Amino acid sequence: MPIITIFGATGTQGAAVLEHILKDGKYTPRAVTRSINSDKAKALIARGIEVVEGNLWDKESLKKAIKGSEAVFGNTNFWDPDIYPANPKSEVTQGKNLVDAAKEVGVSFFLYSSLPNATKESNGLYTHCYHVDNKAEIEEYLKASGIPYATICTGWFMENLWNFGSLVKTDKGYDIPLAIYGPEDKQIGTWISHDFGQAAVKVLNRFKENREEVLGKAYPVVSYRFTYPELAKAIGKALKKEVTFTTLETTGSAELDEAFTYGAKFGMYNSTPAPNPDLVALGVKFGTLEEFLQAEVVPRFA
């Protein structure tokens, strides 16, 4: 079977792609990690998955990791301590290294996890959303490279409820404390493990079937659109407990505050319904919010 090299395979997005590649069975996944001695890398190796080392600062290591692959799933991590907060624009350097390596090795398809350009989308109102704009800049570089590509884009990770403490216990039940977003502001939610992984596989397979249909196209993985009070109500019903929502004044990060303000007041993927019909047409079976709550939230918080 052809190989797809998956970057960030021990992280949330890459792991989702890897698991769905395995389920689909049309590609052999190759996982890239900075250290094959990490616990997560060892767990993949124990499952018989090929794991190789690759460092986004080192293009030659990336070429070695990608060599022999038909496709690449690529993403970058703005929150890496090497990037944030001291060098926020250096994420672009990592992304360009990855694109250059893929081009020099000669991959047939590059599937990139991207985000909109907040500066352009807001007509210059929000200019410091680096973790958003960086990915858009990398996408432009990928487009100019000539590598056949498509992008998949995320909203707010639904997994943030437990991975980043966005659902916290109170005396009466739980609270969702989130900065900037008010009770009327809409959020885009992406169930990464279920919907994002599926989307990657469906886009990848459609490229092989009919490349012109997906070439250069962006696929926002819009699973849900909600206000946080609506989400709190749904969680409360699933858990049979009181769940509230609290707006915080700040995240403690100026960059994140501006990004949250952009998302809350301007919005992302405003023209894309939930679930995204373009991905439904490719065969993605989005999980409902109730399915997400029963599968992921109830076992963790009930």
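Scroll up to find the structure this text is about.
The structure presented is a predicted model; accordingly, all values stated were derived computationally and were not measured.

Visitor: Give a detailed account of the nonpolar core, specifying residues and quantitative values.
Guide: Judged by nonpolar contacts, the single largest core of 35 residues is most densely connected at I152, V203 and L279. Counting residues per element, the ones that place at least two in this core are strand 1 (3-7), helix 1 (12-24), helix 2 (39-46), strand 4 (71-74), strand 5 (109-114), strand 6 (149-153) and helix 8 (192-209). If near-sequence neighbours (up to four positions away) are discounted, V203 is found in contact with F109, L111, A150, I152, V214, Y219, L279 and L282.

Visitor: Could you give an account of the side chain of N160, with specific residues and numbers?
Guide: Tracing the chain through its elements places N160 in helix 7 (residues 160-163). Accessibility expressed as a relative area gives 13% for N160, which makes it buried. Leaving out residues up to four positions away in the same chain, N160 has contacts with G165 and S166.

Visitor: Requested: an account of the packing of aromatic side chains, with residues and values cited.
Guide: In the structure shown here, the tally under the stated rule is 18 aromatic pairs. Each ring, one from W156 and one from Y228, has its centre 5.5 Å from the other, and the planes form 90 degrees; the classification is edge-to-face. On the criterion of sequence distance, the pair formed by W156 in strand 7 (residues 156-157) and Y228 in helix 10 (residues 228-239) is long-range, its members being 72 residues apart. Assessed through its relative accessible area of 0%, Y228 is described here as buried. Relative to F292, the ring of W191 lies with its centre 5.3 Å away and its plane at 75 degrees, an arrangement referred to as edge-to-face. Of this pair, W191 sits in the loop between strand 10 (186-190) and helix 8 while F292 sits in helix 13 (residues 289-301); the two residues are 101 residues apart in sequence, bridging distant segments of the chain. Taken together, W156, Y181, F226, Y228, F245 and F260 form an aromatic cluster joined through their ring pairs.

Parameters and conventions
Residues numbered from 1 in each chain as written. Predicted model: local features only at pLDDT ≥ 70, side-chain atom pairs only at ≥ 80, totals over all residues. Heavy atoms only, no water. Core = buried A, V, L, I, M, F, W, Y, C linked by side-chain atoms within 4.5 Å. Buried < 20%, exposed > 50% of the residue type's maximum accessible area, 1.4 Å probe, protein only. Helix = DSSP H or I, 4+ residues; strand = E, 2+ residues; numbered from the N terminus. Contact = heavy atoms within 4.5 Å. Phe/Tyr/Trp six-rings, centres within 6.5 Å; stacked < 30°, edge-to-face > 60°.

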